[in-house]
Amino acid sequence: MEPNERVVKAKQVLAQHRRGISGREVDEPEDERLPPGQHFVNNFPVLDLGFKPDLSLDDWTLTVDGFVANPVTWTWGEFQSQPKIDLVTDFHCVTTWSMLDCAWQGVSFRHLIDVVRPLSSAQFLFFESYDDYTTNLPLEVCVDDDVLLATHWNGKPLSRDHGWPVRMLIPKRYAWKGAKWIKKITFSDRDQKGFWEVRGYSNTALPWNNDRYG
Ligand SMILES: Nc1nc2c(c(=O)[nH]1)N[C@H]1C(S)=C(S)[C@@H](COP(=O)(O)O)O[C@H]1N2
Ligand SMILES: [Mo]
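This write-up is about the structure you can find in this document. (Residues numbered from 1 in each chain as written. Chains lettered and ligands numbered in written order. Predicted model: local features only at pLDDT ≥ 70, side-chain atom pairs only at ≥ 80, totals over all residues. Heavy atoms only, no water.)

### Looking at the overall build of the chain
Stated precisely, the cut-off is as follows: The way it works is that DSSP assigns letters per residue, a run of H or I at least four long becomes a helix, a run of E at least two long becomes a strand, and they are numbered from the N terminus. Relative accessibility thresholds used throughout: buried, under 20% of the residue-type maximum; exposed, over 50%; partly exposed, between the two (1.4 Å probe, protein chains only). The criterion used for residue contact is that any of the two residues' heavy atoms lie within 4.5 Å. Per-residue accessibility takes into account occlusion by the displayed protein chains alone, with areas from the Shrake-Rupley method and a 1.4 Å probe.
What the chain contains, in helices and strands, is four helices and 11 strands. Expressed as a percentage of the 214 residues in the chain, the buried residues total 46%. Long-range pairs, those at least 24 residues apart, make up 67% of the contacts in the chain between residues at least 6 apart in sequence. Only carbon and sulfur atoms are counted for the fraction: they give 51% of the accessible area of the chain, which is about 11200 Å².

So this is what it looks like as structure tokens:
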């Protein structure tokens, strides 16, 4: 009798998830790293609004403004001269896929805070991207060691699909909180909901709480 191809394939995929991801002991229980309602993927799916902005480093800028003592608009050269850090984090998308052990490089959000110096009245962040995507988070959520303005994923510059040249990364929130093709970050004393937040998605977006919808 021939093995059922579909069953074999499904089991192979499970096995790949168990073994195919670098940096972990084989016997470490991966499910402990999988938030409720999520499943593992080994590829890196692309989610966007149906198009990807066509950017050039010559024209690229990142503006950080609002309730800060020192607003900045960085050119690509200025952004590149900021200190970079490396991180390994898991990535959880609300459409139920999770990727473990992504290696990221970029400028830490803590460094950005040091540069722009938020006013004491600044409590919220509003992110705007080159595709007009927006999202929002409380400032305190982003004052964390793993929040990054990411330029590299797994050793290579981000692809255009994944937000080149710079995307936000907030690993402790669902991935829609991380704006690709980031253009502007505004500090404010009030919360303003972003693209998915006004369309029924959670304002807090906590994967471990299965906190998907608003
Ligand atoms: N600028 C921009 N950023 C975005 C999005 C988008 O459509 N535009 N989609 C969000 C969503 S819903 C997810 S799940 C992640 C997906 O990132 P990826 O395409 O690199 O997997 O990007 C987030 N950031
Ligand atoms: Mo998403």
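Resuming the write-up.
### Overview of the sheet that holds strand 2 (residues 61–66)
What holds strands together in a sheet is hydrogen bonding between their backbones, with the strands either parallel or antiparallel. Condition: At least two bridges found by DSSP between two strands is the condition for calling them paired. Whenever a helix is involved, its axis is fitted only over the stretch in contact; in every case the axis is a line through C-alpha atoms, and angles between N-to-C directions fall within 0 to 180 degrees.
As summarised here, the arrangement of the five strands in space is 3-2-11-6-7, forming an open sheet in which the pairing is mixed. One side of each edge strand has no neighbouring strand; the edge strands of this open sheet are strand 3 (72–75) and strand 7 (134–138). Strand-to-strand twist in this sheet, taken as the mean axis angle between neighbours without regard to direction, amounts to 15 degrees. Of the pairings in the sheet, the one linking strand 2 to strand 3 comprises four bridges and is antiparallel in character. Residue pairing for strand 3: Val 64 is matched across the bridge by Val 72.

### Describing the site of ligand 1
For clarity, the threshold we go by: We define proximity as follows: a residue is near a molecule or strand when any one of its heavy atoms falls within 4 Å of that partner. Definition of a polar contact: a pair of N or O atoms within 3.5 Å, with one able to donate and the other able to accept a hydrogen when the atoms are protein atoms, and with sequence-neighbouring residues admitted only if both atoms are side-chain atoms.
In the vicinity of ligand 1 lie 21 residues, with Pro 45, Asp 131, His 162, Arg 167 and Lys 180 positioned nearest. Within the backbone of Leu 49, an N or O atom sits 3.4 Å from an oxygen atom of ligand 1. With respect to ligand 1, the backbone of Gly 178 contributes an N or O atom lying 2.8 Å from a nitrogen atom. Expressed as a share of its isolated accessible area of 530 Å², the protein-covered part of ligand 1 is 98%.

### Concerning the environment of Phe 124
Among the secondary structure elements, Phe 124 is positioned in strand 6 (residues 124–129). Sequence-wise, Phe 124 and Phe 67 are 57 residues apart; in three dimensions their C-alpha atoms are separated by 9.4 Å. Ignoring sequence-local partners within four residues, the contact set of Phe 124 consists of Leu 137, Pro 138, Leu 139, Thr 186, Phe 187, Ser 188, Asp 189, Arg 190 and Asp 191.

### Details of the nonpolar core
As a rule of thumb, nonpolar side chains are buried together in soluble globular proteins. For clarity, the cut-off: To qualify as a nonpolar core, a set must consist of buried Ala, Val, Leu, Ile, Met, Phe, Trp, Tyr and Cys residues joined through side-chain atoms within 4.5 Å.
Core analysis: the biggest nonpolar cluster contains 37 residues, and Phe 79, Phe 109, Phe 127, Leu 149, Met 168, Ile 185 and Phe 187 have the highest contact counts within it. Those elements that place two or more of their residues in this core are strand 2, strand 3, helix 2 (76–80), helix 3 (109–116), strand 6, helix 4 (139–142) and strand 11 (182–188). Among the elements that line this core, the one with the most residues is helix 3, at five residues. Residues within four places of Phe 79 in sequence aside, it is in contact with Trp 60, Leu 62, Trp 74, Lys 84, Val 107, Leu 149, Thr 151 and Val 166. Counting residues in each nonpolar core, the second largest holds 14 residues, with Phe 44, Leu 87, Phe 91 and Leu 169 among its members.

### Remarks on helix 3
Of all eight residues that make up helix 3, six are buried, and the element is covered over most of its length. For helix 3, the full list of buried residues reads Phe 109, His 111, Leu 112, Ile 113, Val 115 and Val 116. A positive phi of about 55 degrees marks Arg 117, the residue just after helix 3.

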